[in-house]
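Single-letter residue listing:
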Amino acid sequence: MPGVALKLYSVFFKFVFKHRLQNLIQSSIDESSSSYGVATRPEESISASNPSFTDGVATKDIHIDPFTAVSIRIFLPDSSLSPPEQPDSKPKPRSSQENDPNSHNHRRSSYGPSNMNPPRNDSRRSSLEGLNLRSDNIAYRGYSPLPQNCRKLPIMLQFHGGGWVSGSNDSVANDYFCRRIAKLCDVIVVAVGYRLAPENRYPAAFEDGLKVLNWLAKQANLAECSKSLGNGARGAGSEFTNAEFQRHFVDAFGASMVEPWLAAHGDPSRCVLLGVSCGANIADYVARKAVEAGKRLAPVKVVAQVLMYPFFIGNVPTHSEIKLANSYFYDKAMCLLAWKLFLPKEEFSLDHPAANPLIPDRGPPLKLMPPTLTVVAEHDWMRDRAIAYSEALRKVNVDAPVLEYKDAVHEFATLDMLLKTPQAEACAEDIAIWAKKYISLRGHEFSY
């Protein structure tokens, strides 16, 4: 069972969150004049972006839409400055400890096919040394000195939790979590700051998630255009070198035209969606829309998604919804209030497509969905419906394992107080192992 400190913090958290929800319900909000919306609350503890490679990750904030509050924070690991990864290189042999099948059994159980092994520790010399840069004080501004000799990393879109009404992509807790994921998975994390309810109810947050995915596709195409222009200038005998022309192109048209970090180091053909709590609902919606869009999203391709303790619910209660209704942190009564603030009054239903992933006639067919890893907690009242969704995916031959963490609560790997616990660290490692199955250039060297 969770310890005394966690129980006391849960009581305090529920008191504060319930008070926040009641204030939002009682406040008179003119929704017709708030289309711009808010992506963070004044009471949130915010972490400033830092373009230096602090702790191995540089960050920057971008406001991608002039008409709404939608923004993103990019997390770029310093491994992006390493030489390109060779797809045909042989993986290093695992140590005896890495081959120990019992090394993770104390913290989680799995559903579906599983032969989990702990993540490998990649030993590579940082290219920062070769560039004579110091990772603690250099602000990385875009294209590396030799962009063609740097690695292209997969892109992971991350959607934070907070019950639709709170949380942000630049909060202290989310910043810490995204840094951890960027390093462990060796990916560029793009954390999405979607609009919050009740200022912007459904489908605003879902549309914001899809808007960022489309923005990634446009950025990839713009980067290709700038690359072509750069090659053309060099071929025509211009006085500019290729790198100089690219920098001139970016300077001339502005950062809104080409995002240099993604242009130099992002590989949109290996895109993973990761959603936390209600963010998992957004991730699943974006994955469905990506399947429907198909090649229209090129060169972006969603290859997998990770749903961390999804915010799923339905009219017919599951066993966990009855037994654990008064669970830690986000109990059922508070979550129902959050749903009432998020869904339009005329559309409110616990079987709404945003709430229940298994309602009939919800497109596209499940067999077309990308591989989906689901993380659930033993003491989370929403766990059964998340497991049922994963089972439905497996029935149509989608790779959809479930990891259940014992003695864990909702948001056990992303809540500020729990971020540094062994379970939170183990969860991030487990996600990295599974995700690398679909984003590694070397093929399926990791497996479940």
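To be clear, the structure that these remarks concern was listed above.
Residues numbered from 1 in each chain as written. Predicted model: local features only at pLDDT ≥ 70, side-chain atom pairs only at ≥ 80, totals over all residues. Heavy atoms only, no water.

**Some thoughts on the overall build of the protein**
- Helix and strand content of the protein: 11 helices and 9 strands.
- Considering the protein as a whole, with its 448 residues, one finds that 57% of them fall into the buried category.
- Taking contacts inside the protein between residues at least 6 apart in sequence as the whole, the part at least 24 apart equals 81%.
- As displayed, the protein has an accessible area near 19400 Å², and 54% of this comes from carbon and sulfur atoms. (Helix = DSSP H or I, 4+ residues; strand = E, 2+ residues; numbered from the N terminus. Buried < 20%, exposed > 50% of the residue type's maximum accessible area, 1.4 Å probe, protein only. Contact = heavy atoms within 4.5 Å. Areas by Shrake-Rupley, 256 points an atom, 1.4 Å probe, with all protein chains shown as cover.)

**Looking at the pairing of strand 7 (residues 302-308)**
- Burial runs high along strand 7: 7 of the 7 residues are buried.
- In terms of strand pairing, strand 6 (residues 266-276) meets strand 7 through 6 bridges, oriented parallel. From the neighbouring strand, V276 faces strand 7, where its bridge partner is M308.
- Following the backbone out of strand 6, through helix 7 (residues 278-293) and into the adjacent parallel strand 7, one traces a crossover that is right-handed.
- Across 4 bridges, strand 7 lies against strand 8 (residues 372-377) in parallel orientation. Residue Q305 lies in a different strand from strand 8, and its bridge partner there is T372. (Pairing = 2+ DSSP bridges. Right-handed = clockwise from strand over helix to strand, strands pointing away.)

**Brief notes about the nonpolar core**
- By size, the foremost hydrophobic cluster in this structure holds 120 residues, and its most contacted members are L157, W164, L213, M308, W339, F342 and F412.
- Ignoring any residue separated from it by four or fewer positions in sequence, one finds L157 in contact with V190, V192, V212, L213, L216, V272, L273 and L274. (Core = buried A, V, L, I, M, F, W, Y, C linked by side-chain atoms within 4.5 Å.)

**Remarks on the side chain of E321**
- Looking at where E321 falls in the secondary structure, it is placed in helix 8 (residues 319-323).
- Since its relative accessible area comes to 2%, E321 is described here as buried.
- A distance of 3.2 Å separates a polar atom in the side chain of E321 from the backbone nitrogen of T318.
- Setting aside anything within four residues of it in sequence, one finds E321 in contact with F312, I313, G314, V316, K332, W381 and R385. (Polar contact = N/O pair within 3.5 Å; in protein donor to acceptor, adjacent residues only side chain to side chain.)

**A few points about the pairing of strand 1 (residues 57-63)**
- With 5 of 7 residues buried, strand 1 is to be regarded as a mostly interior element.
- Pairing analysis gives 7 bridges linking strand 1 to strand 2 (residues 71-77), with the strands arranged antiparallel. Among the inter-strand pairings, H63 is bridged to a residue of strand 2, identified as S71.

**A look at the side chain of R362**
- One can find R362 in the loop between helix 9 (332-342) and strand 8.
- A polar atom in the side chain of R362 sits 3.2 Å from the backbone oxygen of P353.

**Re helix 11 (residues 422-439)**
- Spanning 18 residues, helix 11 covers 25 Å between terminal C-alpha atoms, matching the ideal 26 Å at 1.5 Å per step.
- Here helix 11 lies mainly inside the structure; 14 of its 18 residues are buried. (Expected span 1.5 Å × (residues − 1).)

**Here we look at the environment of N397**
- Checked against the element boundaries, N397 lands in the loop between helix 10 (383-395) and strand 9 (402-405).
- On the basis of relative accessibility, which here comes to 73%, the residue N397 falls in the exposed class.

**Digging into the environment of F312**
- Within the fold, F312 resides in the loop between strand 7 and helix 8.
- Using a relative accessible area of 2% as the deciding quantity, one classes F312 as buried.
- Taking the C-alpha atoms as reference points, F312 and A280, 32 residues apart in sequence, are found 8.8 Å from one another.

What is shown is where atoms sit, not what they do.
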